[in-house]
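Below, each chain spelled out in residue letters.
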Amino acid sequence: MSTEKEASYKTVNTYSTLNTLTDNTKNVWIVFHGLGYLSKYFIRYFSELNPKENYIIAPQAPSKYYQDRKFKHVGASWLTRENTILETENVLNYIDAVFQKEITREIPNLIVLGYSQGVSIATRWVANRKINCDKIILHSGGIPKELKASDFEFLNPSTRVIYLYGHKDEYITEARKTEEQLKGSELFNNRLEIKVFDGIHEVNRKFINEIAI
């Protein structure tokens, strides 16, 4: 009979940034990509933001894989249902390291955005590490079921929480819309805002540009 064990070791992972953090920076973004993305490509969705006012940090999901049979296109995944609790802690420790390395000064506005699978990472990181951000953007993804309203009681009353999705999103059925809105309302109460755009399961550049103003 086999036995599954654990071993602890040190690992290194990349992440991407866009623009430069200066005294003129108004918004610092921590953005979590969806399933199949690499951070160096995902961060391009934020390239239209004012470069003097916005600094973007895009952590990289650790598990990479080939997306096609020609072994050409590489994607990445944050988590699977295998060893989720352990893998979640590993991912959160990595994000902590990125945040501590990048944020060495007081910053005016912190925006945390998760897209698709990245929503589960964004919400878990904010909840577990008590990240008091100014905006939480939940873009076209699902909120983890284990999170509770008490996990977000620390947030400032002024923190905005926005659930954003396209009305033609093939992954968000009517039942899923209802489920996520109920879950979001339970966690964030009256601070939850629902935004629906004309589109499919895709990153909405227009909204990103508007929310930064």
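To keep things clear, this report deals only with the structure shown in the data block.

Definitions and limits used
Residues numbered from 1 in each chain as written. Predicted model: local features only at pLDDT ≥ 70, side-chain atom pairs only at ≥ 80, totals over all residues. Heavy atoms only, no water. Helix = DSSP H or I, 4+ residues; strand = E, 2+ residues; numbered from the N terminus. Rg over C-alpha atoms; globule rule 2.2 N^0.38 Å. Salt bridge = Lys/Arg side-chain N within 4 Å of Asp/Glu carboxyl O. Buried < 20%, exposed > 50% of the residue type's maximum accessible area, 1.4 Å probe, protein only. Pairing = 2+ DSSP bridges. Axes fitted to C-alpha atoms, helices over the stretch in contact; angles between N-to-C directions. Contact = heavy atoms within 4.5 Å. Parallel < 35°, antiparallel > 145°, perpendicular 65-115°, else oblique. Nonpolar A, V, L, I, M, F, W, Y, C, P; charged D, E, K, R; others polar.

### Here's the deal with the overall build of the protein chain
Part 1 of the argument: Counting its secondary structure elements, the protein chain contains five helices and nine strands.
Part 2 of the argument: Each helix and strand of the protein chain, placed in order from N terminus to C terminus, yields the pattern β-β-α-β-β-β-α-β-α-β-β-α-β-α.
Part 3 of the argument: Here the C-alpha radius of gyration of the protein chain, 17 Å, is about what a compact globule of 213 residues would show, namely 17 Å.
Part 4 of the argument: Projected onto its principal axes, the C-alpha positions of the protein chain cover 55 × 40 × 40 Å.

### Observations regarding the pattern of salt bridges
Part 1 of the argument: Across all of its chains, the model carries ten salt bridges by this definition.
Part 2 of the argument: Of the charged contacts, one joins Arg129 and Glu89 as a salt bridge, the two residues approaching to 3.0 Å between their closest N and O atoms. Here the residue Arg129 occupies a position in helix α3 (residues 118–129), and Glu89 occupies one in helix α2 (residues 84–102), the gap between them amounting to 40 residues.
Part 3 of the argument: According to the relative accessible area criterion, Arg129 is partly exposed, its value standing at 24%.
Part 4 of the argument: Among the ionic pairs, Glu180 bridges to Arg176, the shortest N-O distance being 3.3 Å. Of this pair, Glu180 and Arg176 are both found in helix α4 (residues 174–188), four residues apart, which corresponds to roughly one turn of the helix.

### Some points on the sheet that holds strand β1 (residues 15–18)
Part 1 of the argument: On the basis of which strands lie adjacent, the open sheet formed by seven strands has the order β1-β3-β2-β6-β7-β8-β9 and mixed pairing. Every interior strand has two partners, whereas the edge strands, β1 and β9 (192–197), have only one. Neighbour-to-neighbour, the strand axes of this sheet turn through a mean angle of 20°, independent of strand direction.
Part 2 of the argument: Alignment of strand β6 (residues 109–115) against strand β7 (residues 135–139), held across five bridges, turns out to be parallel. Pairing of Ile111 across the sheet is with Lys135, part of β7.
Part 3 of the argument: Its contacts with the sheet place α2 against β1, β2 (27–32), β3 (54–59) and β6, and it is angled at close to 35° to β1.
Part 4 of the argument: Those strands touched by α4 are β7, β8 (160–166) and β9, and its axis lies near 150° from that of β9.

### Considering the packing of α2 against α3
Part 1 of the argument: At their nearest, the axes of α2 and α3 sit 10 Å apart, and the two run at 75° to each other. Regarding the angle of α2 to α3, the classification is roughly perpendicular. Seen from α2, the contacting residues are Thr84, Thr88, Glu89, Val91, Leu92, Asn93, Ile95, Asp96 and Phe99; seen from α3, they are Ile121, Arg124, Trp125, Asn128 and Arg129.
Part 2 of the argument: Along the lines of polarity and charge, the residues of the contact of α2 with α3 split into six nonpolar, four polar and four charged.

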